[in-house]
Amino acid sequence: MKVTQGTFSFLPDLTDRQIKAQVQYCLDHGWAVNVEFTDDPHPRNTYWEMWDLPMFEVRDAAGVMYEINKCRAVYGGTHYIRVTAFDNSHGCESVKLSFLASRPTSEPGFALTRTEGSGRSIVYQTRSYATDEAEGKRYQGMDART
Amino acid sequence: MDSKATELKGKERYKSGVLEYRRMGYWNADYVPKDTDLLALFRITPQDGVDPIEAAAAVAGESSTATWTVCWTDRLTAADKYRAKAYKVEPVPNGPGSYFAYIAYDLDLFEPGSIANLAASIIGNVFGFKPLKALRLEDMRLPVAYVKTYQGPATGIIVERERLDKFGRPLLGATVKPKLGLSGRNYGRVVYEALKGGLDFTKDDENINSQPFMHWRERFLYCMEAINRAQASTGEIKGSYLNVTAATMEDMYERAEFAKSLGSVVVMIDLVIGWTAIQSMAKWARRNDMILHLHRAGHSTYTRQKSHGVSFRVIAKWARLAGVDHIHAGTVVGKLEGDPATTRGYYDVCREDFNPRSLETGIFFDQHWASIGKVMPVASGGIHAGQMHQLLDLFGDDVVLQFGGGTIGHPAGIQAGATANRVALEAMVLARNEGRDMLKDGPQILAEAAKWCTPLKQALETWQDVTFTYASTDTPDFVPTVTAAE
């Protein structure tokens, strides 16, 4: 399966040229761009690890691409890497754009477990198969399992 | 407008009998509205022979302290303060026999935080007043001191996006069709297919409540199965507006509590439940971390005709104060009424922290929102993937685009319909951000995506030429005019 979190996940994975254009769009709006990564793709996992601080001072997309590539060199293929842009202006002070810049080489997806409750109600739990492994050891040699 | 008739004072003013409203103090051409006044703009159409200033004064009187005859008991009160004051009357451009009447109301006339109280005054008895042929409330200026007495949207656009983890693009929804007749099991099937295919939300229709073919609990249970399955198969947060509209508040609370216990992120109400019920549900939603979707069922009975009723921009303002998170605000290009400039005005009312006076979009007053939350407008009714460039250009990112027929009616099925819409949207956002001219290149951008996305190709082939081009009835009275260069 393909996790479809992020703004452009229904498109073919973005090329570096496309990523750079999106980053430039964010910088042109005065937003600070941040690179984050995780190996826990649960839809409610909000706090991905930060690849250093948001780049408040960087105004050139090439600088951001440099950081994305450094992050990929360490976590590419075993983690999700996303690019997030923050707008600190009053009335927003939140994320304006967030999209994936890298995925693990294979994505095993999620199990849905159902716990039958009273009456007909069911308590649902979404669990990533990848998180059966310890943090940092996920998405390695996954191909055999998918 | 002429303002000759002067207000009477003292003994003459309070002599028993009937007196013109303008002479009772409801017309004051020199009045300068205070920052704390509520201002209302009415479109008035007096009966033949009724002086427009007297008609405006009568509206001010009947919507505040007056009755048809003089009452000495006014003298027990600070009546000068409580009288609403019509302070400006001007002819409607190209509207013979109609006038715009500006009326100021003192803040003390209104209970804090109660739309029911506001509505009972401003659109109460006065709308049936005989000396007028017709009356329409066009716009209101709500002072900050008044805005601050309301909770505002239970969630608001910013927090909704954070909760859903969806940024930088409009959200996508679909109303389940057919709106009536599906069993719970079949209904959930539509929800699952649409959400798995790429939509963020599905939606109950306004009149799906608890009928013989599907009682509400069946719908909620099967919808939650569908939502959770779709969430697990995509890794995205999904939702379905579960309509909790019911006969009594007790029933609505019961349904909302059940939705919450099942883990739903959103519940839905219809405008016809009334303002008090809307405010109650907004408070419930704030307390229970729930997004509150409002379907504007019934509004066209009083918003659509320009001569009489209440403009939707006023309804949108009241809904924002009352505390809903979503409101249907028009599509322009779809099947329902919606002039582009007027609709733009509604969206601004929902989404901005300050609305400057802008006659071409129907906004008559500066309006400060004092950092109250923002309402996500919903564009729903007769829209399809082939219009994506127009929709994104008209509405920007903070909107829910709802493709009901445009998802479920797809020739290859519901999932394909959902995928077509999601791909069209993401391709268009990507292109816009890259600096391409959406309006010019839109069809080409869609065609490029359709080369690798068969569902989009099929959607474009099916609906390519579908448009709804009818004249709008509710249009701005003022059009920008080009000033000749010196």
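These numbers come from a predicted model, not from an experiment. (Residues numbered from 1 in each chain as written. Chains lettered and ligands numbered in written order. Predicted model: local features only at pLDDT ≥ 70, side-chain atom pairs only at ≥ 80, totals over all residues. Heavy atoms only, no water.)

S.K.: Is there a simple way to think about the overall build of chain B in this case?
M.R.: Along chain B, the regular secondary structure elements total 19 helices and 15 strands. The dimensions of chain B, computed from C-alpha atoms along their principal axes, are 80 × 65 × 35 Å. Each of the 486 residues in chain B was classed as buried or not, and the buried ones make up 60%. Entry remark: accessible area of chain B is about 18700 Å², with carbon and sulfur atoms responsible for 52%. (Helix = DSSP H or I, 4+ residues; strand = E, 2+ residues; numbered from the N terminus. Buried < 20%, exposed > 50% of the residue type's maximum accessible area, 1.4 Å probe, protein only. Areas by Shrake-Rupley, 256 points an atom, 1.4 Å probe, with all protein chains shown as cover.)

S.K.: Where do I start with the pattern of salt bridges in this structure?
M.R.: Pairing is possible between side chains that carry opposite charge, provided their charged atoms lie close to one another. All names here are of chain B. Per the counting criterion, the structure on display carries 46 salt bridges over all chains. Between Lys179 and Asp205 there is a salt bridge, and its shortest N-O distance comes to 3.7 Å. Highlighted residues: Lys179 in the loop between strand 5 (171-175) and helix 8 (184-197) and Asp205 in the loop between strand 6 (201-203) and helix 9 (216-234), separated in sequence by 26 residues. Among the residues examined, Lys179 registers a relative accessible area of 29% and is labelled partly exposed. The partner of Glu236 in a salt bridge is Arg422, and the shortest N-O contact between them spans 3.2 Å. With a gap of 186 residues between them, Glu236 in the loop between helix 9 and strand 7 (239-243) and Arg422 in helix 17 (residues 414-433) connect regions that are remote in the sequence. The pair Glu236 / Arg422 is uniform in exposure class, with both members buried. Within the structure, one salt-bridge network assembled from shared partners comprises Lys166, Arg169, Asp200, Glu236, Lys238, Arg422 and Glu426. (Salt bridge = Lys/Arg side-chain N within 4 Å of Asp/Glu carboxyl O.)

S.K.: It is not clear to me how unusual backbone geometry should be interpreted in this structure. Could you clarify?
M.R.: A negative phi angle characterises most non-glycine residues, just as the trans form characterises most peptide bonds. Residues and elements named next belong to chain B. Cis rather than trans, the peptide bond between Lys177 and Pro178 has omega equal to -5°. Relative to the elements of secondary structure, Pro178 occurs in the loop between strand 5 and helix 8. One non-glycine residue with positive phi stands out, namely Ala370, at about 55°. Within the secondary structure layout, Ala370 lies in the loop between strand 13 (367-368) and strand 14 (376-380).

S.K.: What am I meant to see in the domain arrangement of chain A here?
M.R.: Interfaces are frequently sized by the accessible area removed from exposure as the parts join. Residues and elements named next belong to chain A. Here the domain parsing of chain A yields domain 1 (16-102) and domain 2 (110-144). Inter-centroid distance (C-alpha atoms) of domain 1 to domain 2 is 27 Å. Taken together, the 9 residues of domain 1 in the interface contact 10 residues of domain 2. Counting the surface lost from both domain 1 and domain 2, the interface buries some 740 Å², and carbon and sulfur atoms represent 54% of this. The largest share of the area that domain 1 buries against domain 2 comes from Asp39, Pro41 and Thr78, three residues that together contribute 57% of it. Across the contact surface, domain 1 and domain 2 share 1 salt bridge. (Domains from an automatic or database assignment. Contact = heavy atoms within 4.5 Å. Buried area = accessible area lost by both parts, 1.4 Å probe.)

S.K.: Can you help me understand the side chain of Thr234 of chain B in this one?
M.R.: Tracing the sequence through the fold places Thr234 of chain B in helix 9. Judged by its relative accessible area of 4%, Thr234 of chain B is buried. Of note is the side chain of Thr234 of chain B, whose polar atom sits 2.9 Å from the backbone oxygen of Ala230 of chain B. Within the structure, Thr234 of chain B has its side chain in polar contact with the backbone nitrogen of Glu236 of chain B (distance 3.1 Å). Not counting the four nearest positions on each side in its chain, Thr234 of chain B is found in contact with Met1, Lys2, Val3 and Thr4 of chain A together with Lys196 of chain B. (Polar contact = N/O pair within 3.5 Å; in protein donor to acceptor, adjacent residues only side chain to side chain.)

S.K.: Could you clarify how one ought to interpret the interface of chain A and chain B in this entry?
M.R.: Each side of the interface is counted separately: chain A has 37 residues, and chain B has 39 residues. Between chain A and chain B the total buried area reaches about 3200 Å² when both faces are included, carbon and sulfur atoms providing 54% of it. Contact with chain B buries area across many residues of chain A, yet Phe10, Arg120 and Tyr124 of chain A alone supply 21% of it, more than any other trio. Our count for the chain A to chain B interface comes out at 2 salt bridges.

S.K.: What's the story with the sheet that holds strand 1 (residues 32-38) of chain A in this structure? I'm lost.
M.R.: Picture the strands of a sheet paired through backbone hydrogen bonds; they go either parallel or antiparallel. All names here are of chain A. Read from one edge of the open sheet, 4 strands run 2-1-3-4, paired in antiparallel fashion. Of all the strands in the sheet, the pair left with one neighbour each is strand 2 (49-50) and strand 4 (94-102). Note: strand 1 against strand 2, 2 bridges, orientation antiparallel. What sits directly across from Phe37, in strand 2, is Glu49. Across the sheet, helix 1 (residues 16-28) touches strand 1, strand 3 (80-87) and strand 4, and the angle it forms with strand 4 is around 165°. Those strands touched by helix 2 (residues 61-75) are strand 1, strand 3 and strand 4, and its axis lies near 5° from that of strand 1. (Pairing = 2+ DSSP bridges. Axes fitted to C-alpha atoms, helices over the stretch in contact; angles between N-to-C directions.)

S.K.: Before we go on, may I ask you to explain helix 7 (residues 157-164) of chain B in this structure?
M.R.: Residue pairs three or four apart in sequence face the same way in an α-helix, which turns once every 3.6 residues. Residue and element names in this part refer to chain B. Within helix 7, burial applies to Ile157, Glu160, Arg161 and Leu164. The arc enclosing the buried residues of helix 7, seen along the axis, measures out at 95°, which places them on a common side. Close packing links the buried residues of helix 7 with strand 5, strand 6, strand 9 (291-295), strand 11 (326-328), helix 14 (340-351) and strand 14. Note on helix 7: the residue one or two positions beyond its end, Asp165, has a positive phi of about 60°. (Arc of directions from axis to C-beta.)

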